[in-house]
Amino acid sequence: MSGMTAAAPATRVVICPDPAATSALGRVLGAVAEAGDLVCLWGDLGAGKTHLAKAIGAGLGVAETITSPSFILMSEYAGRLPLFHVDPYRLTSAEDALQGGLLDERQAGGVTLVEWPERLGDALPSERLDVRIDGLGEEPRTVTLEAHGDRYRRYLDATARIR
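No experiment lies behind these values; they were computed from the predicted model shown.

**Observations regarding the overall build of the protein**
- Within the protein one finds four helices and seven strands.
- Going from the N terminus to the C terminus, the protein shows its helices and strands as β-α-β-α-β-β-α-β-β-β-α.
- Expressed as a percentage of its 163 residues, the buried residues of the protein come to 45%.
- Long-range contacts, defined here as pairs at least 24 residues apart, represent 66% of the contacts in the protein between residues at least 6 apart.
- For the protein, the accessible area works out to roughly 8200 Å², and carbon and sulfur atoms hold 53% of it.

**A short note on the packing of aromatic side chains**
- As enumerated under the stated definition, the model contains one aromatic pair in all.
- Where tyrosine 152 meets tyrosine 155, the ring centres are 6.2 Å apart and the plane angle is 15°; that geometry is what we call stacked. Just as tyrosine 152 is buried, tyrosine 155 falls in that class too.
- Over the ring of tryptophan 116 we find lysine 49; its NZ or CZ atom is 4.0 Å from the centre of that ring.
- Arginine 132 extends its terminal NZ or CZ atom over the ring of tryptophan 42, reaching a point 4.4 Å from the ring centre.

**Comments concerning the nonpolar core**
- Counting residues in each nonpolar core, the largest one holds 36 residues, and the members touching the most others are Val39, Ile56, Leu60, Leu83 and Val131.
- Considering each element in turn, this core owes the most residues, five residues, to strand β2 (residues 38-42).
- Beyond its immediate chain neighbours, meaning those up to four positions away, isoleucine 56 contacts Gly26, Arg27, Leu29, Gly30, Val39, Leu41 and Leu113.

**Focus: the packing of helix α1 (residues 19-32) against helix α2 (residues 49-59)**
- Axis separation between α1 and α2 bottoms out at 6 Å; the angle between their running directions is 45°. One element, α1, and the other, α2, form an angle in the oblique class. As α1 packs across α2, the resulting crossing turns out to be right-handed. Residues Pro19, Thr22, Ser23, Gly26, Arg27, Leu29, Gly30 and Ala31 of α1 lie in contact with α2, whose contacting residues are His51, Leu52, Ala55, Ile56, Ala58 and Gly59.

**Concerning unusual backbone geometry**
- One non-glycine residue with positive phi stands out, namely tryptophan 116, at about 60°.
- Here tryptophan 116 is to be found in the loop between β5 (111-115) and β6 (128-134).

**Some details on the pattern of salt bridges**
- If you walk through the whole model with that rule in mind, you get seven salt bridges.
- As a salt-bridge pair, arginine 151 and aspartate 37 come within 2.3 Å of each other at their nearest N and O atoms. Of this pair, arginine 151 sits in the loop between β7 (141-148) and α4 (153-158) while aspartate 37 sits in the loop between α1 and β2, and the two are 114 residues apart along the sequence.
- For arginine 132, the salt bridge goes to aspartate 130, with nearest N and O atoms at 3.5 Å.

**Here we look at α1**
- Its 14 residues give α1 an end-to-end C-alpha distance of 20 Å, which sits within 8% of 20 Å, the value for a rise of 1.5 Å per residue.
- Taken as a whole, α1 has its buried residues at Thr22, Ser23, Leu25, Gly26, Leu29 and Gly30. The buried side chains of α1 occupy one side of the element, clustering within an arc of 160° when seen end-on.
- Lining the buried residues of α1 we find β1 (10-16), α2, β7 and α4.
- The N-cap residue of α1 is aspartate 18: its side-chain oxygen and the backbone nitrogen of alanine 20 are 3.2 Å apart.

**Some remarks on the side chain of aspartate 130**
- Relative to the elements of secondary structure, aspartate 130 occurs in strand β6.
- Dropping the residues within four chain positions of it, aspartate 130 is found in contact with Cys40, Trp42, Thr144, Leu145, Glu146 and His148.

What counts, and at which threshold
- Residues numbered from 1 in each chain as written.
- Predicted model: local features only at pLDDT ≥ 70, side-chain atom pairs only at ≥ 80, totals over all residues.
- Heavy atoms only, no water.
- Helix = DSSP H or I, 4+ residues; strand = E, 2+ residues; numbered from the N terminus.
- Buried < 20%, exposed > 50% of the residue type's maximum accessible area, 1.4 Å probe, protein only.
- Contact = heavy atoms within 4.5 Å.
- Areas by Shrake-Rupley, 256 points an atom, 1.4 Å probe, with all protein chains shown as cover.
- Phe/Tyr/Trp six-rings, centres within 6.5 Å; stacked < 30°, edge-to-face > 60°.
- Lys NZ or Arg CZ within 6 Å of the ring centre and 35° of its normal.
- Core = buried A, V, L, I, M, F, W, Y, C linked by side-chain atoms within 4.5 Å.
- Axes fitted to C-alpha atoms, helices over the stretch in contact; angles between N-to-C directions.
- Parallel < 35°, antiparallel > 145°, perpendicular 65-115°, else oblique.
- Left-handed = near helix turned anticlockwise from the far one by under 90°.
- Salt bridge = Lys/Arg side-chain N within 4 Å of Asp/Glu carboxyl O.
- Expected span 1.5 Å × (residues − 1).
- Arc of directions from axis to C-beta.
- Polar contact = N/O pair within 3.5 Å; in protein donor to acceptor, adjacent residues only side chain to side chain.

This is the structure in structure tokens:
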């Protein structure tokens, strides 16, 4: 099948004028999450990836305080589905992530959130939801949702009423 290219992802752009709007978006995403989902949070340092991760956790019914797992690489939380919060920021390669067990079969029964997914390189599965956050400080955030694969289009549908 040479010459074939992957279909362009379906996208939706949401403007979050303040942290409350970002939290509302995250709760919607968490509410529609299903077992086996991979959600990648892209954005600069200070863009709000961990803030959004906390809100997605709230949408999943996670009662614990979600913190950035930068120093431990992965945290697991109990909710209506297990939440695996992965942060490979301190890794130097995708090989480090795979050898460290950051991506494994346990995650098929829960939702995996990855901050700094670019660190996983080629190890990042092609089917996933990419959430790209643009904006820093007190300015509004532009959040672009990219559904890579049909199973992730439900996230776009769920956020259709959010502007």
